[in-house]
Amino acid sequence: MATDNDDNDGAAAAAAVDMPMPVASGQRGVLLPEVDLLWRVLVALFALDRRQVAAASAVLEAALEVARDDEWRRRRSLEPLAWRVERYAALAAERSGAAAGGERRDGVLAALRRAALRRDDEGSATLLAIAVRGYLAERQVAAAYKLLARTPLAADRVSAAQLARLLFYQGRIKAVQLDYSAAHSCLQQALRKAPRRGARGFRLAAQRAAIVVQLLMGELPERTLFAGAALAPYLALARAVRVGDVRAFDDALAAHRAA
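Quick caveat: nothing in here was measured; it's all calculated off a predicted structure.

Chemist: Which parts of the structure should I look at to understand the packing of aromatic side chains?
Modeler: One pair of aromatic rings is described through two measures. These are the centre distance and the angle between the planes. Tallied over the entire structure, the rule returns two aromatic pairs. Ring geometry for F168 versus Y169: centroids 5.6 Å apart, planes at 50°, classification tilted. Across this residue pair, the class does not change: F168 and Y169 are buried. Through a chain of ring-to-ring contacts, three or more aromatic side chains come together here, namely F168, Y169 and F202.

Structure, rendered in structure tokens:
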């Protein structure tokens, strides 16, 4: 249920779009774009944490105008923040139910081309993950596969977290292509590279996908993988597969379809 505090938080976040920002010393009235983007990202994260998606989207749309401004694109110090703005804007759009395609995707792909030309592997990995996630959300698996295949990255110059995301998406693509062995390998690598602390939602999604792929391979996952209530529906499926009971499998599928 929404509260007055929630409404106030949303209003405060939305107001931050036009909030006066600190300016560079010696340059009265000129705002450093790095400060502008950092401020807006922090306000947007504040709003997202409180499920104020509309307010976060408004802040991030304003931040995108700064990040994509031709005047600032040559500033290398701006790039890490600009890539994060693209990521959080895509996340806010996804949570609001907005389409991932159109001008939004064109902006991400244009940023990906700039990052690739500048040999910015971390930025390329961040933007590539955004674009691939958008394609998969719209079930454009072929487009996601082609983009991954045509975007080379130096793995030793990309953070483990970004590699984990890309491996997870690659595993999902391979599963749709019925290459279950490669899919399972990618998902296992994603789990190994995922942060040990935090990222619970990512690890859970990757573990669910790995269990399904393993079942499709005709293998039974270890019992220890099903620890926790979130994986209980998959344990019921595994038990049905183990005994070869089709009716039990259908019943478990129907009972836990939402999971």
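Chemist: Teacher, can you tell me more about unusual backbone geometry here?
Modeler: Excluding glycine, a negative phi dihedral is what most residues carry, and trans is how most peptide bonds are arranged. Although it is not a glycine, R51 sits at a positive phi angle of roughly 60°. Its location among the elements puts R51 in the loop between α2 (33-49) and α3 (53-67). R51 gets classed as exposed once you look at its relative accessible area, which sits at 75%. One non-glycine residue, R139, adopts positive backbone phi at about 60°. Mapped onto the fold, R139 is located in the loop between α6 (121-137) and α7 (141-149).

Chemist: Just checking my understanding: could you explain the packing of α6 against α7 for this structure?
Modeler: In contact at an axis separation of 8 Å, α6 and α7 are set at 160° when each is read in the N-to-C sense. With respect to each other, α6 and α7 are oriented roughly antiparallel. Judged by the twist between their axes, the crossing of α6 over α7 is left-handed. Where α6 approaches α7, its residues L128, A131, V132, Y135 and L136 are matched on the opposing element by V141, A143, A144, L147 and L148.

Chemist: What should I look at first to understand the pattern of salt bridges in this one?
Modeler: Side-chain pairs of opposite charge can arise where the charged atoms are in close proximity. In the structure shown here, the tally under the stated rule is five salt bridges. Residue D36 pairs with R40 through a salt bridge whose shortest N-O separation is 2.4 Å. One end of the pair, D36, and the other, R40, are both in helix α2, four residues apart, so they sit about a helical turn from each other. For D36, a relative accessible area of 7% translates into the label buried. Overall, R40 belongs to the buried group, its relative accessible area being 9%. E138 serves as the salt-bridge partner of R105, at 3.1 Å between the closest nitrogen and oxygen. Taken together, the positions of R105 in helix α5 (residues 103-117) and E138 in the loop between α6 and α7 put the pair 33 residues apart, joining distant regions of the chain.

Rules of the game
Sequence order as written defines the numbering, with residues in each chain counted from 1. Per-residue local features of the predicted model are confined to residues with pLDDT of at least 70, and side-chain atom pairs are confined, for both listing and counting, to 80 or more; whole-chain, interface and lining totals are unaffected and use all residues. As a rule here, side-chain values cover all heavy atoms of the structure and leave hydrogens and water aside. Planes of paired rings set the category: under 30 degrees apart is stacked, over 60 is edge-to-face and the rest tilted, where pairs are Phe, Tyr or Trp rings (Trp by its six-membered ring) whose centres lie within 6.5 Å. Classification of residues uses two cut-offs on accessible area relative to the type maximum, computed with a 1.4 Å probe and protein chains only: under 20% is buried, over 50% is exposed, and between them is partly exposed. Starting at the N terminus, helices and strands are each numbered in turn, a helix being any DSSP run of H or I of at least four residues and a strand any DSSP run of E of at least two. With axes taken as lines fitted to C-alpha atoms, and helix axes fitted only over the stretch in contact, angles between N-to-C directions fall between 0 and 180 degrees. Roughly parallel means an angle under 35 degrees; roughly antiparallel means over 145; roughly perpendicular covers 65 to 115; every other angle is labelled oblique. Note: crossing handedness is left-handed where the near helix turns anticlockwise from the far helix by less than a right angle, and right-handed where it turns clockwise. Residue contacts are counted whenever heavy atoms from the two residues lie within 4.5 Å of one another. For this analysis, a salt bridge means a side-chain nitrogen from Lys or Arg found within 4 Å of a carboxyl oxygen belonging to Asp or Glu.

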